[in-house]
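Overview (structure and organization)
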Amino acid sequence: MKKLKIGIIGIGRLGYEHACNIANRVPACDLVAISDKNITRAKEVAEELGVSAVYENPADLCNDPNVEAVAIVTNTDSHVDMIELAMNAGKHVFCEKPLAETVEKCKRAEKIVEAHPELTFMLGFMRRFDHSYAVAKEKINRGDIGDIVLVRCYSQDPISIIQGTLEYAPRSGGQFIDMSIHDIDLIRWLTESEPKKLWAIGGCYEFKQYKDWDDGDNVSCLIQNENETMAFFYAGRAAAHGSAVETEIVGTRGTLRISAVPTDSLLEVMSEHGVCRECYQDFVTRWHDAYIKEMEYFCAQVEKGEPANPNVYDGTKSTNIAFRCKESFLKNELLTLS
């Protein structure tokens, strides 16, 4: 099978993970170009991964005739500009979430994608490609748990990375858009419905500086969907035990629960402290396989010339919901969306 030639823009922590996957772990593609404003780092990664084309200016990567598709793993506020550069240059696009930091910019991204129907666009909500979530979705679609009553999502980042989180916080868009948007996408995907009412609450329980950014370090939201299913999500910034993501889907005939214990093995440590299981310490480790599977899917859709999901409209809808959550959080009131 012909390999898709991909160039990547942005090689920070997640960008580096994607670069390694494209270069070494996804047989359907080759990493042929790297762009990052930190040109020294870009050259280091290029040498490590055997990539000859290195650019400081992302426009140069997009105009490289050897590049067929572009993976965008930059700061959220640059996503739409990068999408425009790549698609206007005739490249297929994989873009990390969230789509943009405002709904207006999401709408602009929609217009860009619509102007290039010959090109494949995909948004990186990787949890849909995690094996456990994929199996859960199959069981829901088969009717194994009856009709969905409630989706409960629980996400925590480890306190070990809080300094980087605090540094990024003023330009992140806030916890609902930066972190909870994954759970918002899962709720939409699993229930196949959109919120009609929501009430978001939270606060600055540990890191008071979040108040300066109209944000919280721990937030939650209760949702009623248009099809009457209920949903609840919680997001925390500073878990002592590590990175933890848990999802529960309660149905009329059964319940599905994913990652009740956030560990990658069945190992139990027995010591004078009792019996414990060690938790993931970062999100990249937890979602390693999902990042690979989503890129495999993207390459397959490009090969077939078919649209990919999640799409640009999923990005807009999830972003809009995230900002309505933030509005409810700031106003401390129930919002009706429909």
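All of these numbers come straight from a predicted model, not from anything done at the bench.

Of note, the bond from K97 into P98 is cis; its omega dihedral lies within 30 degrees of zero at -20°. Along the chain, P98 falls in the loop between β5 (92–96) and α5 (103–114). At the junction of N309 and P310, the peptide bond is cis and its omega measures out at 5° in the coordinates. Of note, N332 is a non-glycine position whose phi angle comes to about 55°, a positive value.

Among the structural elements, S180 can be located in the loop between α8 (175–178) and α9 (181–191). For S180, a relative accessible area of 0% puts it in the buried group. When sequence neighbours within four positions are dropped, the list of residues in contact with S180 reads Q175, V219, F233 and A235.

A cluster of nonpolar residues, W199, I201 and L334, forms a patch on the protein surface that exposes about 280 Å² of accessible area. Looking at the secondary structure, you find I201 in strand β8 (residues 195–203).

Quick look at helix α6 (residues 131–142) now. Side chains of residues three or four places apart in an α-helix project in the same direction, reflecting 3.6 residues per turn. Taking 1.5 Å of rise per residue, the 12 residues of α6 would be expected to cover 16 Å, and the 17 Å separating its terminal C-alpha atoms lies within 8% of that figure. Every buried residue of α6 is listed here: Y133, A136, K137 and I140. Projected down its long axis, α6 carries its buried residues within an arc of 100°, all on one side. Residues of α6 that are exposed and point over 90 degrees away from its buried face: H131 and R142. Its buried side turned inward, α6 meets β7 (148–158), α9, β11 (244–251), β12 (255–258) and α10 (283–286). Measuring from the backbone nitrogen of S132 back to the side-chain oxygen at the start of α6 gives 3.1 Å, which picks out D130 as the cap. Backbone geometry just after α6 places G143 at a positive phi near 85°.

Here strand β6 (residues 121–124) shows no split at all, with F121 and L123 on one side and M122 and G124 on the other all buried. Relative to β6, β5 runs parallel, the two being bridged by 4 bridges. Its bridge partner being in β6, V93 is matched across the sheet by F121.

Mapped onto the fold, V51 is located in the loop between α2 (39–49) and β3 (53–55). Expressed as a C-alpha distance, the spacing of V51 and W189, which sit 138 residues apart in the sequence, is 36 Å. In contact with V51, other than residues within four places in its own chain, are L31, V32, A33, I34 and A46.

Attention shifts here to the nonpolar core. I6, I34, I83, F121, F233, I249 and C325 are the most contacted members of the largest nonpolar core, which has 94 residues in total. Per-element accounting of this core gives the leading share, 7 residues, to helix α11 (residues 288–304). Other than its neighbours up to four places away in sequence, I83 contacts I72, V93, C95, L99, I112 and F121. Counting residues in hydrophobic clusters, the runner-up holds 6 residues, among them I162, L166, A169 and C204.

This next bit is on the pattern of salt bridges. One pass over the full model with this rule turns up 24 salt bridges. D314 is the salt-bridge partner of R128, the closest N and O atoms lying 3.9 Å from each other. Placement of the pair is R128 in the loop between β6 and α6 and D314 in helix α12 (residues 312–331), with a sequence separation of 186 residues. Here R128 and D314 have matching classes, each one buried. For R152, the salt bridge identified is with E248, shortest N-O distance 3.2 Å. Taken as a pair, R152 in strand β7 and E248 in strand β11 lie far apart in primary sequence, 96 residues in all.

Bringing the sheet that holds strand β9 (residues 218–225) into the picture now. Taken together, the 7 strands give an open sheet; going across it, the order is β12-β11-β7-β10-β9-β8-β15, and neighbouring strands pair in mixed fashion. The sheet is open, and its two edges are formed by β12 and β15 (335–336), each paired on a single side. Across the sheet, α6 touches β7, β11 and β12, and the angle it forms with β12 is around 170°.

What follows is about the sheet that holds strand β4 (residues 69–72). One open sheet holds the 6 strands; their spatial order is β3-β2-β1-β4-β5-β6, and the pairing between them is parallel. Sheet topology places β3 and β6 at the edges, where each strand pairs with a single neighbour. The mean angle between the axes of side-by-side strands here comes to 25°, regardless of whether they run parallel or antiparallel. Contacts between α2 and the sheet are confined to β2 (29–35) and β3, with β3 contributing the most and set at about 165° to the helix. Packed onto the sheet, helix α4 (residues 79–88) meets β1 (4–9), β4, β5 and β6 and runs at close to 165° relative to β5.

Here we take up the side chain of D314. Using a relative accessible area of 10% as the deciding quantity, one classes D314 as buried. Not counting the four nearest positions on each side in its chain, D314 is found in contact with R128, R188 and N309.

Basis of the calculations
Residues numbered from 1 in each chain as written. Predicted model: local features only at pLDDT ≥ 70, side-chain atom pairs only at ≥ 80, totals over all residues. Heavy atoms only, no water. Helix = DSSP H or I, 4+ residues; strand = E, 2+ residues; numbered from the N terminus. Buried < 20%, exposed > 50% of the residue type's maximum accessible area, 1.4 Å probe, protein only. Contact = heavy atoms within 4.5 Å. Patch = residues over 30% accessible without salt bridge, like charges linked within 9 Å, V, L, I, M, F, W, Y side chains within 5 Å. Areas by Shrake-Rupley, 256 points an atom, 1.4 Å probe, with all protein chains shown as cover. Salt bridge = Lys/Arg side-chain N within 4 Å of Asp/Glu carboxyl O. Expected span 1.5 Å × (residues − 1). Arc of directions from axis to C-beta. Polar contact = N/O pair within 3.5 Å; in protein donor to acceptor, adjacent residues only side chain to side chain. Pairing = 2+ DSSP bridges. Core = buried A, V, L, I, M, F, W, Y, C linked by side-chain atoms within 4.5 Å. Axes fitted to C-alpha atoms, helices over the stretch in contact; angles between N-to-C directions.

So far we have only geometry, and geometry alone does not tell us how the molecule works.
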